Amino acid sequence: MQQIGLNLNQHIETFILASADEGKPASGVVQLHADFMDYDLSIELFDNLRKTVQWEQESLWIAGQERKVPRLVAWYGDSDADYRYSGKLHKPLPWIQPLLELRQRIEIVVGSDFNSVLCNLYRDGQDSMGWHADDEKELGAEPVIASLSLGQPRAFHLKHKTNPKLRHKMTLTSGSLLVMKGATQQHWLHQVPKEANITQPRINLTFRNVIGSSVK
Ligand SMILES: O=C(O)CCC(=O)C(=O)O
Ligand SMILES: [Fe+2]
């Protein structure tokens, strides 16, 4: 696999997100690096990861009924980075080269360490991720989450947990990197909505730092 190229003059759009308490400065920060990676490289990486990641169809039990999660997922990371999602504790798969290389590049640009990555494959516009916050205990109080998008552009929405007037909408294009940090996960939810007219797939990689000892 070719070296993962980085654009050095990155344009970063910054969204400052309000906290729950008016007049209180604590807030989340979301930064969108629209051109984190060359478009052609992002498509090459998409093709590679679609084939080499061990994609799984997870299920959830809701009110006694088994429901398929509307996307495919895989969890990679350092051996102690256990993580709970879809109601189950997942052991990480060992790093594969392209994910390891990306982790290093993203750590340099973002200035934070990551020990794991959740991979999501949205096969088409019927696949989605509902409103949630990445506020699991094992991510710590103010997690930094770096999310790389590859393939089909998809909408990404943010809404405040208690003030319905506060919302942001953006499009995550191939090769873009979205960084969520500060108190974002405490006060805000995010989603990738279904989009009926989309037929093409998208991969999203969210790099995280799991604090191993708190899960055990
Ligand atoms: O696909 C995305 O852009 C978001 C993924 C996400 O929110 C997550 O994995 O927690
Ligand atoms: Fe998330």
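All figures in this text were calculated on a predicted structure; none of them were measured in a lab.

Enquirer: Whenever I open this one, the pairing of strand E14 (residues 202-208) confuses me. Can you help?
Expert: The two faces of the sheet receive side chains in turn, since in a regular strand these alternate between them. Most of E14 is tucked away, with seven of its seven residues classed as buried. Residues Arg202, Asn204, Thr206 and Arg208 line one face of E14 and the alternating positions Ile203, Leu205 and Phe207 line the opposite face, and both faces are buried. Bridge count between strand E7 (residues 116-122) and E14: seven bridges; the pairing is antiparallel. Bridged to Ser116 within E14 is Arg208. Bridge analysis of strand E9 (residues 145-151) against E14 gives six bridges, and the strand direction is antiparallel. By the bridge assignment, Ser147 is partnered in E14 with Thr206.

Enquirer: Just to check I follow, could you spell out the pairing of E7 for this structure?
Expert: E7 sits mainly inside the fold: seven of its seven residues count as buried. Side-chain alternation along E7 places Ser116, Leu118, Asn120 and Tyr122 on one buried face and Val117, Cys119 and Leu121 on a second face that is also buried.

Enquirer: Before we go on, may I ask you to explain the side chain of His33 in this structure?
Expert: Residue placement: His33 occurs in strand E2 (residues 28-33). Setting aside residues no more than four positions away along its own chain, His33 makes contact with Gln10, His11, Ile12, Val109, Gly175, Ser176, Leu177 and Val179.

Enquirer: What is the right way to read the coordination of the iron ion (ligand 2) from this model?
Expert: Expected angles at a metal are 109.5 degrees for tetrahedral coordination by four donors and either 90 or 180 degrees for octahedral coordination by six donors. Here the iron ion (ligand 2) is held by the protein donor atoms His132 (NE2), Asp134 (OD) and His190 (NE2), which lie 2.1 to 2.2 Å from it. Taken in chain order, the donor set of the iron ion (ligand 2) reads H-x1-D-x55-H. Of this pair, His132 sits in strand E8 (residues 129-132) while His190 sits in strand E13 (residues 188-192), and the two are 58 residues apart along the sequence. Neither residue differs from the other here; His132 and His190 are each classed as buried.

The rules behind each value
Residues numbered from 1 in each chain as written. Chains lettered and ligands numbered in written order. Predicted model: local features only at pLDDT ≥ 70, side-chain atom pairs only at ≥ 80, totals over all residues. Heavy atoms only, no water. Buried < 20%, exposed > 50% of the residue type's maximum accessible area, 1.4 Å probe, protein only. Helix = DSSP H or I, 4+ residues; strand = E, 2+ residues; numbered from the N terminus. Pairing = 2+ DSSP bridges. Contact = heavy atoms within 4.5 Å. Donors = N, O, S within 2.8 Å, 3.2 Å for Na, K, Ca; no water.

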